[in-house]
Amino acid sequence: MFKNKLCQLLNIEYPILQGGMAWVATAELAAAVSNAGGLGVIGSGHMPPDALRKEIQKAKVLTSKVFGVNIMLMSPFVKEVMQVVIDERVPVVTTGAGNPGEYIPALKAIGSKVIPVVASVALAKRLERIGVDAIIAEGWESGGHVGEVSTMSLVPLVADAVSIPVIAAGGIADSRGIIAALALGAAGVQIGTRFVASKECTAHDNYKQAVIKAKERSTVLTGVSTGHPVRVIANKLTREYLEREKNGASEAELEKMGAGKLRAAVIDGDVDNGSVMIGQIAGMVEEVKSVDEIIQELVKGLPTVVENINHIVQS
Ligand code: TUI
């Protein structure tokens, strides 16, 4: 059904990428997504280089399909983890939370496809000129570190500004979201939150249940004052954080408050005092399912969405 330019570029069956979520997107989740026909992505977050190497090697055992690694550019280990993906010849590298410009020549030299996440048209244009293969345009509906523009506005603007494939991210969790993204000019989608609530996701069950319980207004943005807005579920931690932020706490103080909190939520299951990074579309997620079920549901639902639109457009 698909096999569009993005599928051909990445050698995947469906143009569905899995978000490279720190702590959440392990080799197990990434391999499951790749085995189900999408592109699984290991989220390296702040992982030290040796840990990432082990995760990549585990993914190579769990799948023979193409998979990727997401490099978080704010990581203190960014140079070392870039070297690991080069040594391991990871076929697809996505980047987040910054401008990956300086690393692009080395990645291109080993034949990796480079797909940065952007939150603005300006960065998308700049990166296209440097030679990236595709762009992920991520709206602020997403979980974790976000920009300031919604998916609905960002995707068509980026699609008009570049000629490489654009992948829409932020607020997509069902077939309607995929068709909407394609209508906005995207060639594919990146999905994070929906895959958190999957059987193969290794996150603590409390984290998955937090996704299931969440409604559309359950998340808040922290860190707006520091210039690094992060979308998380509102809880005890965010109430304290936002209170201190309102009272003019320094960036250093706020950063200290957030340190280790994503791990506490994802690994230890402390969803009250930890940082539960998920997107607004969590409101739509009602059940933990296997990755294969999720992807099949997404793909099989597409023709009905198109039919429904046709009824409206052609009547
Ligand atoms: O990176 C993400 N999402 C993330 S990273 C992350 S780990 C983290 N942990 C604690 C605090 C903060 C982060 C959790 N979620 N998404 C991709 C993304 N990239 N969203 C926004 C951006 C972005 C923002 C600004 C990319 C580039 C940019 O500007 C760079 C420039 O030079 O213009």
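Here's a quick rundown of the structure. (Residues numbered from 1 in each chain as written. Predicted model: local features only at pLDDT ≥ 70, side-chain atom pairs only at ≥ 80, totals over all residues. Heavy atoms only, no water.)

## Quick look at the overall build of the protein chain
Alright, step 1. Looking only at helices and strands, one finds 15 helices and eleven strands in the protein chain.
Alright, step 2. Computed over the C-alpha atoms, the radius of gyration of the protein chain is 18 Å, within 12% of the 20 Å expected from 2.2 N^0.38 for a compact globule of 315 residues.
Alright, step 3. C-alpha atoms of the protein chain, sized along the principal axes, occupy 55 × 50 × 40 Å.
Alright, step 4. Sorting the 315 residues of the protein chain into buried and exposed places 54% on the buried side.
Alright, step 5. Counting only contacts in the protein chain whose residues sit at least 6 apart along the sequence, the fraction spanning at least 24 positions is 61%.
Alright, step 6. As displayed, the protein chain has an accessible area near 13900 Å², and 53% of this comes from carbon and sulfur atoms. (Helix = DSSP H or I, 4+ residues; strand = E, 2+ residues; numbered from the N terminus. Rg over C-alpha atoms; globule rule 2.2 N^0.38 Å. Buried < 20%, exposed > 50% of the residue type's maximum accessible area, 1.4 Å probe, protein only. Contact = heavy atoms within 4.5 Å. Areas by Shrake-Rupley, 256 points an atom, 1.4 Å probe, with all protein chains shown as cover.)

## Thoughts on helix α3 (residues 49–62)
Alright, step 1. Here α3 is 14 residues long and its end C-alpha atoms lie 20 Å apart, about the 20 Å a rise of 1.5 Å per residue gives.
Alright, step 2. Among the structural elements, α2 (27–35), β2 (40–43), β3 (67–72) and α4 (78–87) are those in contact with the buried residues of α3. (Expected span 1.5 Å × (residues − 1).)

## Let's talk about the sheet that holds strand β8 (residues 166–169)
Alright, step 1. The strand order across the open sheet formed by eight strands is β1-β9-β8-β6-β5-β4-β3-β2, and the pairing between neighbours is parallel. Single-partner strands in this sheet number two, and they are β1 (16–18) and β2. Sheet twist, expressed as the average angle between the axes of neighbouring strands with direction ignored, equals 25 degrees.
Alright, step 2. Bridging between strand β6 (residues 135–138) and β8 involves four bridges; their strand directions are parallel. (Pairing = 2+ DSSP bridges. Axes fitted to C-alpha atoms, helices over the stretch in contact; angles between N-to-C directions.)

## Quick notes on the site of the ligand
Alright, step 1. Around the ligand, 15 residues are found, and the nearest of them are Ala-97, Val-117, Glu-138, Gly-144 and His-145.
Alright, step 2. A distance of 2.9 Å separates a nitrogen atom of the ligand from a polar atom in the backbone of Ala-97.
Alright, step 3. For the ligand, whose accessible area on its own is 720 Å², the fraction buried by protein is 72%.
Alright, step 4. Residues belonging to the shell around the ligand are distributed by class as follows: eight nonpolar, six polar and one charged. (Near = heavy atom within 4 Å. Polar contact = N/O pair within 3.5 Å; in protein donor to acceptor, adjacent residues only side chain to side chain. Nonpolar A, V, L, I, M, F, W, Y, C, P; charged D, E, K, R; others polar.)

## Looking at the layout of surface pockets
Alright, step 1. Approximately 200 Å³ is the volume found for the second largest pocket.
Alright, step 2. Lining the second largest pocket, in full, are Ala-173, Asp-174, Ser-175, Arg-194, Met-284, Val-285, Glu-286, Glu-287, Lys-289, Ile-294, Glu-297 and Leu-298.
Alright, step 3. Considering each element in turn, the lining of the second largest pocket owes the most residues, three residues, to helix α14 (residues 291–300).
Alright, step 4. Class assignment of the residues belonging to the lining of the second largest pocket gives a composition of five nonpolar, one polar and six charged. (1 Å grid on protein atoms, 1.4 Å probe; cavity = no way out; pocket = protein on both sides within 12 Å on 5 of 7 lines; lining within 4 Å. Points joined across faces, edges and corners; volume = space filled by probe spheres on them.)

## So, the pattern of salt bridges
Alright, step 1. Counted by the stated rule, this structure contains 13 salt bridges.
Alright, step 2. Between Glu-28 and Lys-58 there is a salt bridge, with its nearest N and O atoms 3.3 Å apart. Of the two residues, Glu-28 sits in helix α2 while Lys-58 sits in helix α3, which places them 30 residues apart along the sequence.
Alright, step 3. Here Glu-28 falls in the partly exposed class, since its relative accessible area comes to 28%.
Alright, step 4. With relative accessibility at 36%, the residue Lys-58 sits in the partly exposed group.
Alright, step 5. A salt bridge links Asp-268 to Arg-263; its shortest N-O distance comes to 3.5 Å.
Alright, step 6. Given the relative accessible area of 48%, Asp-268 is considered partly exposed. (Salt bridge = Lys/Arg side-chain N within 4 Å of Asp/Glu carboxyl O.)

## Looking at the side chain of Ser-290
Alright, step 1. You can see Ser-290 is positioned in the loop between α13 (261–266) and α14.
Alright, step 2. We classify Ser-290 as buried; its relative accessible area is 14%.
Alright, step 3. Those residues in contact with Ser-290 that sit more than four places away from it in its chain are Lys-199 and Glu-200.

## Some remarks on the side chain of Glu-141
Alright, step 1. Looking at the secondary structure, you find Glu-141 in the loop between β6 and β7 (144–145).
Alright, step 2. Look at Glu-141: it is buried, it has no salt bridge, and the nearest opposite charge is Arg-231 at 6.7 Å.
Alright, step 3. A polar atom in the side chain of Glu-141 sits 2.9 Å from the side chain of Thr-151.
Alright, step 4. Setting aside chain neighbours within four positions, we find Glu-141 in contact with Ser-150, Thr-151, Met-152, Gly-170, Gly-171, Arg-231, Gly-279 and Gln-280. (Lys, Arg positive; Asp, Glu negative; His and termini not counted.)

## Focus: the nonpolar core
Alright, step 1. Counting 79 residues, the largest nonpolar core has Ile-16, Val-85 and Tyr-207 as its most contacted members.
Alright, step 2. Here this core gets six residues from one element, more than from any other, and that element is α4.
Alright, step 3. Apart from residues no more than four positions distant in its own chain, Ile-16 is found in contact with Gly-38, Leu-39, Ile-178, Val-189, Ile-191, Phe-195, Ile-295, Leu-298 and Val-299.
Alright, step 4. The next biggest cluster of nonpolar side chains, apart from the first, holds 16 residues, and it includes Leu-17, Leu-39, Val-117 and Ala-187. (Core = buried A, V, L, I, M, F, W, Y, C linked by side-chain atoms within 4.5 Å.)

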